[in-house]
Structure formats: C-alpha cells, structure tokens
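# Structural overview
The lines below spell out each chain.
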Amino acid sequence: MKKSLFVLGVAALALASCTNEEVTEIAPSRGISFAGSGINNMTKAGDVTTDNFDEFQVFGGYADVESLFGTATEGLTVSKASGSWSYSPVQYWQPSETFNFGAYAPKADGISASWDYTNGLTLTVNSDAGHQNDVVYADATRTTTDDISNETAVPLTFKHLLSKIQFKFEKDAATLGSQVVTMQNFKVNGINTTCTWTKGTPNGTPATPGEYGDFTTAETVDATDGLPTDAYYVIPQTVGTFNITADVVVTDGSNTIKQGTITATVPTTTVSAWTAQYAYLYTATLTIDNIDDGDDDPSNDPKPIVFDVEEFSQGNGNIWQDGTGSTVNIPNA
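Report follows, based on the coordinates. A quick note: this is a predicted structure, and the numbers were derived from the prediction, not measured. (Residues numbered from 1 in each chain as written. Predicted model: local features only at pLDDT ≥ 70, side-chain atom pairs only at ≥ 80, totals over all residues. Heavy atoms only, no water.)

## Some remarks on the nonpolar core
Membership of the largest hydrophobic core comes to 33 residues, with the highest contact counts inside it found for Phe167, Met183, Phe186, Val188, Phe242 and Trp274. Where this core is concerned, the elements lending two or more residues are strand 13 (163-171), strand 14 (180-198), strand 19 (232-234), strand 21 (242-251), strand 22 (256-266) and strand 24 (279-286). By size, the runner-up hydrophobic cluster in this structure holds 23 residues, among which are Tyr62, Phe69, Ala103 and Ala140. (Core = buried A, V, L, I, M, F, W, Y, C linked by side-chain atoms within 4.5 Å. Buried < 20%, exposed > 50% of the residue type's maximum accessible area, 1.4 Å probe, protein only. Helix = DSSP H or I, 4+ residues; strand = E, 2+ residues; numbered from the N terminus.)

Right, here's the structure in full:
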C-alpha cells in the first residue's frame with residue numbers, strides 16, 4: 001500500500017435547492033469535502049434550512065479504521081464559518097480503500113447516534129414536546145483508487161427523517177362569524193414519539209405515546225386567518241386514533257355567550273400514515289355547537305368538527321411542497 005497520505009481537510013458543503021449547488025474549491029492537498037443539496041422551503045421556526053445550516057456531525061471510516069471521525073457515538077463536528085466548512089483534527093485519505101460516511105444534524109438532546117462501518121449510522125430520536133428538533137440525515141460511500149490525488153468532494157444530500165403536523169381552527173361564519181372566539185389549553189395526544197433509524201431507514205416500530213400542547217394563554221381565532229397551533233415534529237408512523245381537546249370561550253366582545261371545551265377523536269380514514277418529509281395540516285371549522293358547556297339537553301349536543309387535511313408532499317426529492325387536500329370528519333366526544 002502506498003504510504004503517501006492526503007489530507008481529509010476542509011469540508012465544503014452546499015445546501016440549496018435541488019437545482020442549485022455550490023462546491024468550494026479545495027487546495028492541492030485534496031481534502032475530503034462534503035458537497036450536497038436540498039433542504040429548503042420550510043416554515044417551522046426550528047426547520048433546518050439552507051440559510052441556517054451551519055453545523056453537522058459526521059462519522060466515517062474504512063475497513064481498518066472504523067471510526068476515523070471522532071468516536072462511534074460522538075462523531076466529529078463539521079462547522080461553517082465565513083462560507084467555508086472545516087473540522088478538527090484533520091483526517092486523511094488512504095489509497096485503495098472503501099470509505100463509508102454518515103452525517104446528521106442537529107446535535108441535540110433527544111438524539112443519540114451510534115456508528116458502525118458495516119451497518120452505517122444508527123440514530124435514536126425522541127420527538128416529544130420537550131425535544132422538538134428537525135432531524136436531517138445523509139450518507140455516502142467512496143472507494144479510492146491507488147492514486148488519491150484526484151479524489152473529489154463526497155456528496156452528502158441531507159433528508160428530513162421526521163414528519164410535521166399542525167392544526168388550525170377557523171370560525172363558522174353562520175354561528176360564530178360576528179363573535180369573538182378564544183381558545184386555550186390545546187392538547188393533542190396518543191402520538192408515538194420515539195424511533196430508531198439505521199442508514200436513514202426506520203428500524204423497528206415507533207413507540208412511547210406522548211402529548212403536544214399550545215395556547216397556554218387564551219388566543220383569538222382570527223376571522224380571516226383562523227388560529228393555527230404550533231407545528232410539531234413527529235415520528236413518521238401509521239396514524240392510530242389520537243385525540244384533541246381545547247377550552248373555548250365565545251363572547252360578543254363584552255359578554256360571554258358560551259364557554260366550554262371541544263373534544264374530538266381524529267379518524268384515520270383519509271390520512272392513515274405520516275411520511276418523512278411530509279407536513280400535514282388539519283383545519284377545523286368550529287361552530288358554536290362544537291363547544292361542550294356541560295348542558296345535558298340533547299338538542300344542545302356538540303356537532304362534529306370537520307377537518308380539511310392538506311398534505312405537503314416530498315415532490316422533487318427533499319423539499320417540503322404543497323400537495324393535495326382531503327376531508328376528515330371528527331365525531332363528537
């Protein structure tokens with residue numbers, strides 16, 4: 001084997017649209033660089049985007065050195081500064097070897113990693129309400145020749161491992177159009193919050209049901225835009241039955257007309273599974289009869305909330321995009 005080694009030095013990585021790629025020139029030392037594409041067009045505050053993506057964890061090695069970058073559980077941090085990507089300590093190419101790489105972001109509580117040269121990168125993610133992170137992943141393989149002077153950048157195309165769900169409430173024009181409607185203590189529960197991926201593929205069944213919430217203080221349902229909840233990062237999963245609840249108060253601006261709770265079980269006939277890189281928006285039209293004020297008179301029983309489901313599809317690779325719409329009927333509590 002040749003003893004001449006070439007630096008795995010400065011890492012250059014591009015994250016843009018699928019049609020826009022930026023590769024930083026590497027000095028004659030021929031360092032391993034990371035060129036990639038494709039995280040953009042997302043709306044949640046915590047989303048990883050081209051503009052804010054400035055750090056990821058990389059793992060890698062070859063047959064004789066399984067963990068060339070950091071350790072099998074920590075990896076190595078690759079950071080962006082002044083437009084350039086770099087890491088330390090610098091590592092080196094070996095001639096005539098097969099290198100495997102795995103990378104993810106962000107490094108955060110609720111995300112644990114384990115690297116194995118043969119099996120790749122395993123990530124265990126907790127996406128409960130206290131660990132809301134947009135997790136992205138990429139991998140690559142490179143076999144070097146005896147002449148490593150011509151090695152080029154290693155392409156890393158990151159993809160989202162999680163799904164997003166969000167709820168929005170609108171006022172029924174006929175029964176609530178002229179009223180002031182506020183909501184508080186929104187909760188959705190019965191959603192699995194943990195899963196493990198190996199090389200970006202789910203490994204096992206999602207588990208550990210959890211609860212997400214919003215509107216800790218009363219918020220008003222806007223007549224035009226409605227009232228959206230936070231968007232939640234969730235484990236892709238077969239959608240089982242899950243429940244929503246919230247407290248609602250209706251006034252004429254001064255006097256209370258009705259107050260109580262809404263409770264609904266979301267059926268799964270329309271959207272039966274949440275898919276990685278898809279975002280699902282459940283829109284409910286709230287009528288005055290949906291609010292349970294404790295009155296036992298059957299004529300005052302709440303009526304079903306009707307949800308329109310808008311699905312944002314993967315589209316061209318790994319960009320969140322608008323998709324088709326459908327309707328979900330939620331039965332009374």
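## With respect to the sheet that holds strand 4 (residues 76-81)
Taken in spatial order, the six strands make up an open sheet running 5-4-3-7-10-12, and their pairing is antiparallel. The sheet is open, and its two edges are formed by strand 5 (84-86) and strand 12 (159-160), each paired on a single side. (Pairing = 2+ DSSP bridges.)

## What to know about unusual backbone geometry
Between serine 88 and proline 89 the backbone carries a cis peptide bond, its omega angle lying at 5°. The peptide bond linking alanine 105 to proline 106 adopts the cis configuration, its omega dihedral lying at -5°. Structurally, proline 106 is set in the loop between strand 7 (98-105) and strand 8 (111-116). Here threonine 208, not a glycine, exhibits a phi torsion of approximately 65°, which is positive. Its identity as a non-glycine residue notwithstanding, glutamine 277 has a phi of 75°, on the positive side. Residue placement: glutamine 277 occurs in the loop between strand 23 (273-274) and strand 24. Relative accessible area serves as the criterion here: at 3%, glutamine 277 is assigned to the buried category.

## Quick notes on the pairing of strand 13
Two strands pair when backbone bridges link them, and strand 13 and strand 19 are joined in this way by three bridges, in the antiparallel orientation. If you follow isoleucine 165 over to strand 19, its bridge partner there is tyrosine 232. As paired strands, strand 13 and strand 24 are joined by eight bridges and run parallel to one another. By the bridge assignment for strand 24, glutamate 170 is matched with threonine 285. Sheet topology places strand 13 next to strand 18 (residues 227-228); two bridges connect them, and they run antiparallel. Residue pairing in the sheet places phenylalanine 169 in a bridge with leucine 227 of strand 18.

## Re the packing of aromatic side chains
Describing an aromatic ring pair means giving the distance of the ring centres and the angle of the ring planes. Tallied over the full model, the rule gives 19 aromatic pairs. Consider the rings of tyrosine 62 and phenylalanine 99, whose centres lie 5.1 Å apart with planes at 55°: the pair is tilted. Residue tyrosine 62 is found in the loop between strand 3 (55-61) and strand 4, and its partner phenylalanine 99 is found in strand 7; the two are separated by 37 residues along the sequence. For tyrosine 62, a relative accessible area of 6% translates into the label buried. On the basis of relative accessibility, which here comes to 0%, the residue phenylalanine 99 falls in the buried class. Between tyrosine 278 and tyrosine 280, the ring centres sit 6.3 Å apart and the planes meet at 20°, which makes this aromatic pair stacked. Of the two residues, tyrosine 278 and tyrosine 280, both sit in the buried class. Clustering of aromatic rings is evident, with ring pairs tying together Phe167, Phe169, Phe186, Phe215, Phe242, Trp274 and Tyr282. (Phe/Tyr/Trp six-rings, centres within 6.5 Å; stacked < 30°, edge-to-face > 60°.)

## Looking at the pattern of salt bridges
This structure, assessed with the given rule, holds four salt bridges. For the salt bridge of lysine 164 with aspartate 47, the shortest nitrogen-to-oxygen distance reads 3.1 Å. Taken together, the residues lysine 164 in strand 13 and aspartate 47 in the loop between strand 2 (34-35) and strand 3 connect sequence positions 117 residues apart. Here lysine 164 falls in the buried class, since its relative accessible area comes to 4%. Put simply, glutamate 151 and arginine 142 hold a salt bridge, and the shortest N to O gap is 2.9 Å. The same class applies to glutamate 151 as to arginine 142, namely buried. (Salt bridge = Lys/Arg side-chain N within 4 Å of Asp/Glu carboxyl O.)

## Some details on the pairing of strand 10 (residues 136-143)
In the sheet, strand 7 pairs with strand 10 via eight bridges, with the strands oriented antiparallel. The residue bridging alanine 103 from the neighbouring strand is alanine 138, located in strand 10. As paired strands, strand 10 and strand 12 are joined by two bridges and run antiparallel to one another. Bridge pairing links valine 136 to histidine 160 in strand 12.

## A few points about a negative patch on the surface
Together, Asp292, Asp293, Asp295, Asp296 and Asp297 make up a region of like negative charge exposed at the surface. Within the secondary structure, aspartate 296 sits in the loop between strand 24 and strand 25 (305-312). (Patch = residues over 30% accessible without salt bridge, like charges linked within 9 Å, V, L, I, M, F, W, Y side chains within 5 Å. Areas by Shrake-Rupley, 256 points an atom, 1.4 Å probe, with all protein chains shown as cover. Lys, Arg positive; Asp, Glu negative; His and termini not counted. Charge placed at Lys NZ, Arg CZ, Asp CG, Glu CD.)

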